[in-house]
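A closer look at the structure
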Number of protein chains: 2
Amino acid sequence: MTVTLRRTSRPSPSSDQGEAPQRRLGRPRCEDSRRSILKAAIALLKTNDLPAISADAIAERAGVSKATIYRWWPNKSAIVMEAFLEMVAPHTRFPETDSAMEDLRVHLGRVAEVCQSDIGRMLRTLIADSQANAELAAAMRAHYFSVRRADARKVIERGIASGEFRGDLDTEAAIDCLYGPIVFRLMINPVAPDAEFVNRMIALLRQAFLKRSDRRNVTGR
Amino acid sequence: MTVTLRRTSRPSPSSDQGEAPQRRLGRPRCEDSRRSILKAAIALLKTNDLPAISADAIAERAGVSKATIYRWWPNKSAIVMEAFLEMVAPHTRFPETDSAMEDLRVHLGRVAEVCQSDIGRMLRTLIADSQANAELAAAMRAHYFSVRRADARKVIERGIASGEFRGDLDTEAAIDCLYGPIVFRLMINPVAPDAEFVNRMIALLRQAFLKRSDRRNVTGR
DNA sequence: GTACATACGATACGCCTAGTATCATATATC
DNA sequence: GATATATGATACTAGGCGTATCGTATGTAC
């Protein structure tokens, strides 16, 4: 699945609905160019913030004409988002053990790990850019955050169903309490969240998640 | 106290330490200009994102020469931050009732309310801009976030001391769990957090904060 | 008052970047 | 071969950031 934030002026291939994988007329889009543009954007983001990257720089590094870039993407943010979603968006799946709490802890640990990498910088950059780019913000929510939330929701609901979590646990609030601190830390703190941070968080939250009878032998830090 | 992110090239009035309120030689800085610049920046931010505001626009609206702006501030972000800290940074104090938990809840409710106003947009903008501006980020931490944290820390420690909160409550993690979800929501969600959001969060977190004996009659939503 | 130091306003300027436009050329379908 | 679309090269417009200059205003020191 390719998530492209297309140029608004770009007409859709066929009528506005239906996947219609039918071939279009004329020379087809060059897949190599597309991929090398995304890769160039990612490479440049590893050492630069987004405002420091110019479309020309991406074009040069990708060995592509700038016109080609703007034919397919409306702006820099769109490129970065597509690159992020397609090439680096964590395929950090949730583990599936007997303990939903443990699944959450392990997963968040991985998220924290990812935050410390170049991907963390990309995420920060994208969230930041979303503040001044409603289209990007909407795309990030639709293609990234809501997916994460759905995953987490499943784990939490499984925990509730199994009796591990309180029956009246507020799932949505729980998700916010899990991801919120990490994003908070990512955006505000100069040093990205790490495993210890996650463990402390989880140690605190488990009091609120677990059924009374399960709250004893707690470790997690 | 005026928090200015000064031009780095600007020499300090006297030797590099000591407040030295002594008058400098020459024409003194025009306080009216300074304030009208800050007010202009705030006014423009109410309807625009930061990238959409130009230094020229601020200068024009403030009735001031652009050169005057750059004499005192190194860039737009610095202006906005100073305006934010000096003129709108919530003097949202914490209430002080018998219940630390209730103090936290009421305070966060006020924070959420603030997030829904123009101030929320400024805060979003500043956090976003911090991602590409280390100096701004450091200033925000030093003059805003660490202050908020210190306030919250005091309340939590009071709650621990009074026996309302668990003795082993992890204060720093608790702060992250309180503010994290709000900032998370502020940055990701198109609609800013509100009182109901806070109440649900608090209802969840109180299970983790309160001593066992106090967890019964819970409402908060 | 005069000398000096600094701030302010107006304005022009250099530089960089985003995004557009044009046109020749390449590559697909019919 | 006709048609439709993509790419490359390049020039171009528009606008913003931040600097520089210079004349003028406003304070202190003597």
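This section reports on the structure supplied with the text. Remember, predicted model here, so these are calculated numbers, not experimental data.

Rules used throughout
Residues numbered from 1 in each chain as written. Chains lettered and ligands numbered in written order. Predicted model: local features only at pLDDT ≥ 70, side-chain atom pairs only at ≥ 80, totals over all residues. Heavy atoms only, no water. Least-squares fit on C-alpha atoms with pLDDT ≥ 70 in both. Contact = heavy atoms within 4.5 Å. Helix = DSSP H or I, 4+ residues; strand = E, 2+ residues; numbered from the N terminus. Buried < 20%, exposed > 50% of the residue type's maximum accessible area, 1.4 Å probe, protein only. Salt bridge = Lys/Arg side-chain N within 4 Å of Asp/Glu carboxyl O. Buried area = accessible area lost by both parts, 1.4 Å probe. Polar contact = N/O pair within 3.5 Å; in protein donor to acceptor, adjacent residues only side chain to side chain.

**A closer look at the relation of the copies chain A and chain B**
Least-squares fitting of chain A to chain B yields an RMSD of 0.1 Å, with the transformation described by 0.0 Å of translation along the axis and a rotation of 180 degrees. Taken together, the rotation and translation describe the operation of a two-fold axis. A share of 100% of the interface residues of chain A reappears at the interface of chain B, consistent with the copies meeting face to face through the same patch.

**Regarding the environment of A:Ala62**
All names here are of chain A. Note that Ala 62 resides in helix H2 (residues 55-62). On the basis of relative accessibility, which here comes to 12%, the residue Ala 62 falls in the buried class. Sequence-wise, Ala 62 and Ser 33 are 29 residues apart; in three dimensions their C-alpha atoms are separated by 7.4 Å. Ala 62 has contacts with Ser 36, Ile 37 and Ala 40, leaving out every residue within four places of it along the chain.

**A few points about the pattern of salt bridges**
Opposite charge on two side chains permits pairing when their charged atoms draw close. Inspection of the entire model under this criterion finds 26 salt bridges over all chains. As a salt-bridge pair, B:Asp49 and B:Arg121 come within 3.7 Å of each other at their nearest N and O atoms. You can see B:Asp49 sitting in the loop between helix H1 (31-45) and helix H2 (55-62) and its partner B:Arg121 sitting in helix H6 (residues 118-130), a full 72 residues away along the chain. Using a relative accessible area of 22% as the deciding quantity, one classes B:Arg121 as partly exposed. Through salt bridges that share partners, A:Glu31, A:Arg34, A:Glu82 and A:Glu86 make up one connected network.

**Examining the interface of chain A and chain B**
In this assembly, 38 residues from chain A lie in contact with 38 residues from chain B. Regarding the contact of chain A and chain B, the summed buried area is about 3400 Å², with carbon and sulfur atoms giving 66% of it. Considering only the surface of chain A that becomes buried against chain B, A:Gln131, A:Phe184 and A:Leu204 emerge as the three largest contributors, covering 22% of it. Linking chain A to chain B there are two salt bridges. Between B:Arg200 and A:Asp170 there is a salt bridge, with the nearest N and O atoms lying 2.7 Å from each other. Run the count over chain A and chain B and you get ten residue pairs in polar contact (both at pLDDT 80 or more). Contributions of two or more residues to the side of chain A that touches chain B are made by helix H6 (118-130), helix H7 (134-162), helix H8 (171-188) and helix H9 (195-209) of chain A. The greatest single-element share of the side of chain A that touches chain B, amounting to 13 residues, is contributed by H8(A).

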